[in-house]
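# Geometric and topological summary
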Amino acid sequence: SAVTYSEKAEKVIERYEKDPAIRSLPICMSKTQYSLSDDPKKLGAPKGFTINVKDIYVSAGAGFLVASLGDITFIPGLPIKPAYYKIDLDFSSNPPKVVGLSYV
């Protein structure tokens, strides 16, 4: 087995290695759910595969580095304070009115 790094990943690693706070973070690999490799066609636990690191980024809130392997689509995380905290009922009107759903 082997590991290859994209040019982008190499540059990020070089930058992160210079920061003691970042370089000591644990690493989480973001990859296909179907395989230990980054190739979804190599199901399960294949032998003799190469891991292809496309990118690496800091997940500061979670406290780890994420190595992006293969073709992965990331979804955004939730904000610190979700929007439902802004939604409320205004009981001063009859019937009560829902407020906070928009800024209009």
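These lines cover the structure that appears in this document, whether it is placed above or below.

Reading the values: the criteria
- Residues numbered from 1 in each chain as written.
- Predicted model: local features only at pLDDT ≥ 70, side-chain atom pairs only at ≥ 80, totals over all residues.
- Heavy atoms only, no water.
- Helix = DSSP H or I, 4+ residues; strand = E, 2+ residues; numbered from the N terminus.
- Phe/Tyr/Trp six-rings, centres within 6.5 Å; stacked < 30°, edge-to-face > 60°.
- Buried < 20%, exposed > 50% of the residue type's maximum accessible area, 1.4 Å probe, protein only.
- Pairing = 2+ DSSP bridges.
- Axes fitted to C-alpha atoms, helices over the stretch in contact; angles between N-to-C directions.
- 1 Å grid on protein atoms, 1.4 Å probe; cavity = no way out; pocket = protein on both sides within 12 Å on 5 of 7 lines; lining within 4 Å.
- Points joined across faces, edges and corners; volume = space filled by probe spheres on them.
- Nonpolar A, V, L, I, M, F, W, Y, C, P; charged D, E, K, R; others polar.
- Lys, Arg positive; Asp, Glu negative; His and termini not counted.
- Salt bridge = Lys/Arg side-chain N within 4 Å of Asp/Glu carboxyl O.
- Polar contact = N/O pair within 3.5 Å; in protein donor to acceptor, adjacent residues only side chain to side chain.
- Contact = heavy atoms within 4.5 Å.

## Quick word on unusual backbone geometry
- Going from Asn 94 to Pro 95, the amide bond is cis rather than trans, its omega being 0°.
- Structurally, the position occupied by Pro 95 is in the loop between β5 (88-90) and β6 (97-99).

## Overview of the packing of aromatic side chains
- Scanning the entire structure with this criterion turns up 1 aromatic pair.
- Ring geometry for Tyr 84 and Tyr 85: centres 4.7 Å apart, planes at 25°, overall stacked. Both residues of the pair, Tyr 84 and Tyr 85, count as exposed.

## Here's the deal with the sheet that holds strand β3 (residues 50-59)
- Ordered in space as β1-β3-β4-β2, the 4 strands form an open sheet in which the pairing is mixed. Edge positions in the sheet fall to β1 (2-5) and β2 (27-30), since each has one partner strand and no second. Between one strand and the next, the sheet's axes are offset by a mean angle of 40°, whatever the strand orientation.
- Summarising the sheet, β2 and strand β4 (residues 64-69) pair through 4 bridges and their orientation is parallel. Across the sheet, Ser 30 pairs through a bridge with Ser 68, a residue of β4.

## Comments concerning the layout of surface pockets
- Space inside the largest pocket adds up to approximately 260 Å³.
- What lines the largest pocket is a set of 16 residues, among which Tyr 5, Ile 13, Ile 27, Ile 56 and Leu 65 lie closest to the centre.
- Residue assignment for the lining of the largest pocket shows that the elements contributing at least two residues are β1, α1 (7-17), α2 (20-23), β2, β3 and β4.
- When the residues that make up the lining of the largest pocket are grouped by side-chain class, the tally is 14 nonpolar, no polar and 2 charged.

## Observations regarding the pairing of β4
- Of all the 6 residues making up β4, 5 are buried; the element is thus mostly covered by neighbouring parts of the structure.
- Note that β3 and β4 share 6 bridges and pair antiparallel. Among the inter-strand pairings, Asp 55 is bridged to a residue of β4, identified as Ser 68.
- Following β3, the chain reverses through 4 residues before pairing antiparallel with β4; Gly 63 in that reversal takes a positive phi of roughly 80°.

## A closer look at the side chain of Asp 38
- Tracing the sequence through the fold places Asp 38 in the loop between β2 and β3.
- Buried within the structure, Asp 38 lacks any salt-bridge partner; Lys 42 is the closest side chain of opposite charge, at an N-O distance of 6.7 Å.
- Here the side chain of Asp 38 touches Asn 52 through a polar contact of 2.8 Å, landing on its backbone nitrogen.
- What Asp 38 contacts, discounting residues up to four positions off in sequence, is Thr 32, Thr 50, Ile 51, Asn 52, Leu 69 and Gly 70.

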